[in-house]
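One letter stands for each residue in the lines below.
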Amino acid sequence: MELFPHLSALLIEEVERRPDKVVLRARARATTVACRCGKGSARVHGRYVRRLRDVAVGGLGVVIELCIRRFRCENPACSAVTFAEQIEGLTTPHSRHTPLLRGVLTQIGLALAGRAGARLAAAVGISVGRDMLLRLVRALPEPDVGHVEVLGVDDFAFRKGRHYGTVLIDIATHRPLHLFNGREGEDLAAWLRDHPEVKVICRDRSSGYGEGARLGAPQAEQVADRYHLWANLGQAVEKAVNAHRSRLAEPPPGDADTLAGPEAEPEVVQPPRELKIVTRLREQHAAAHDLWAQGMSKAAIGRKLGLHQATVRKLVDARSASDVVAKSLQRAHIVDPYVGHLHRRWNEGVRNAPQLYREIQDLGYPGGELAVQRHLRSYRTGRGHAPVAGPKPPSVREVTSWIMTHPEHLSDENADKLHRLRERDADLDRLTLHVRKFAAMMTGRHGDRLEDWITGAEQDTLAPLASFATTSAVISTPSATACPCPTGPAPSRAPSTG
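Residues numbered from 1 in each chain as written. Predicted model: local features only at pLDDT ≥ 70, side-chain atom pairs only at ≥ 80, totals over all residues. Heavy atoms only, no water.

Compared with an ideal rise of 1.5 Å per residue, which puts 18 residues at 26 Å, helix 6 (residues 226–243) spans 26 Å between its outermost C-alpha atoms and is within 8% of the ideal. What helix 6 keeps buried is the set R226, H228, L229, W230, N232, L233, G234, A236, V237, A240 and V241. (Helix = DSSP H or I, 4+ residues; strand = E, 2+ residues; numbered from the N terminus. Expected span 1.5 Å × (residues − 1). Buried < 20%, exposed > 50% of the residue type's maximum accessible area, 1.4 Å probe, protein only.)

Moving on: the confidence of the model for the protein chain. Looking at the protein chain as a whole, the pLDDT averages 82, with 85% of positions reaching at least 70. Every residue in residues 255–270 is under pLDDT 50, and counting partners more than four places away or in other chains gives 17 contacts. Within the model, the stretch residues 476–498 combines pLDDT values under 50 with 66 contacts to residues more than four positions away or in other chains. (pLDDT = per-residue confidence, 0-100. Contact = heavy atoms within 4.5 Å.)

Pairing in this open sheet of 5 strands is mixed, and the strands run 10-9-8-11-12 from one edge to the other. Of all the strands in the sheet, the pair left with one neighbour each is strand 10 (175–181) and strand 12 (221–224). On average, adjacent strands in this sheet sit at an angle of 30 degrees to one another, irrespective of strand direction. Across the sheet, helix 4 (residues 185–193) touches strand 8 (150–159), strand 9 (163–170), strand 10 and strand 11 (200–203), and the angle it forms with strand 10 is around 135 degrees. (Pairing = 2+ DSSP bridges. Axes fitted to C-alpha atoms, helices over the stretch in contact; angles between N-to-C directions.)

What follows deals with the pairing of strand 6 (residues 60–72). Looking along a regular strand, one sees side chains alternate from face to face of the sheet. Summarising burial for strand 6: 10 of the 13 residues are buried, a large majority. With 7 bridges joining them, strand 2 (residues 21–28) and strand 6 adopt parallel strand pairing. If you follow A26 over to strand 6, its bridge partner there is L66. Here 11 bridges tie strand 5 (residues 44–57) to strand 6, and the two strands are oriented antiparallel to one another. Note that in strand 6 the partner of V57 across the bridge is L60. Strand direction decides the pairing type here: strand 6 and strand 7 (residues 82–84), joined by 3 bridges, are antiparallel. Bridge assignment links R72 to a residue of strand 7, and that residue is T82.

As a further point, take the pattern of salt bridges. Scanning the entire structure with this criterion turns up 17 salt bridges. We note a salt bridge from R25 to E65, for which the minimum N-O separation is 3.1 Å. Taken together, the residues span a long stretch of sequence, with R25 in strand 2 and E65 in strand 6 at a distance of 40 residues. Between E238 and R397 there is a salt bridge, with the nearest N and O atoms lying 3.5 Å from each other. Linking E238 in helix 6 with R397 in helix 14 (residues 396–404), this pair joins segments that are 159 residues apart in sequence. (Salt bridge = Lys/Arg side-chain N within 4 Å of Asp/Glu carboxyl O.)

Taken as a whole and judged by the stated rule, the model has 0 disulfides. Residue C37 stays outside any disulfide, its sulfur separated by 3.7 Å from that of C73, the closest cysteine. The class for C73 is buried, based on a relative accessible area of 14%. (Disulfide = S-S within 2.5 Å.)

With 7 bridges joining them, strand 1 (residues 10–17) and strand 2 adopt antiparallel strand pairing. Residue pairing across strands places V15 opposite L24, the latter belonging to strand 2. Hairpin connection from strand 1 to strand 2: 3 residues lie between these consecutive antiparallel strands.

Structure (structure tokens):
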């Protein structure tokens, strides 16, 4: 039994190999067994067969059919009249798995959770369900929190946009410590009161977490970590770019570029009708601004117009209807990559939509013929020539990516597009300069420049950036103004001052 020490207390009477498992029939060696009261007994009351699953051997599952004896307790003061024998290291009450197999399954569950763990167990000859693996993991005792000096606080989504929770991390060991339901500061404060050894709290810029940290651990320094600073800055930049969405398109070419020729744009007799969504957005923008001018609150405007509060906020904050409808007007279409070919062939005199459809299908067009017909329909009401295909404006996320990326990591094409965009729009040029100054300050650990940067951003007309700067100023403690948390990685895509 040196190979199977957990079976050393058994007498193996028979070994049967079946196609899917190995069956061991065995009984215990001991002749006397102690009751839970401590008194031993040799009086056998009865027997029954107990089946235990053990770790696999040779790729086959092992089942131990163990003959269990039930003894009479000879202690008159004991409440148990009879009791079943338990074999140390092999059986536990009510369990159908040996402790060895239970430990293996627990480790599989910890590493791979339910479905993946069940597939791995089946591959090594252990048949187990995903629910069993999850129950084993849940049954594990919670590890001791221990001594925590640097605490990380962040939120996570049970269901994005609906239900959130809070996770606490030991920054030194990167080990999760605790989970809360919700993002309230009271729960964080209560946990911190039980752990007065916390010296540094590394968190995002949420005011709730800030208040909880202040109440629960007034002795701790609050640090704004680089990940959240950079992520929140990116969100502010995207909002600022979105406010300038209508300015992202390249200006139309001058008259010198559109002289008479086969590609000249004709005068369209019947321009295409405006999209219904664009008309609706223009009407909603006008109505919202009228009510706002009358002194109504955004919540009241939403109730009167039947709009969500976020939609009302977008309409009221937009300076013109063009800023609201730009997203709908610039929406990508499946024909867009092939518009140049369609217009060139149309200007050459090809008017047959099925023929043009087959041509772009050979070029990789994945859509149907109806989309091609709809695109060409507007040109059939004009003088017979389609306008020259102009460059499609970049999306908000593309422009945000250009601004947030280190200049050395930008391709030549994207760098040129960003340069032209900055030349056309002074607001986006200032936004890019603010971002690059912040990146240089953060990656270079120049925390002494933070207050000047915040002042400059707050005085700018870029509202999203000013809001980011204001909330950053709230946690500009001596530790936070050092900018990067000493335990966090630097942003890999942060631009420099170039």
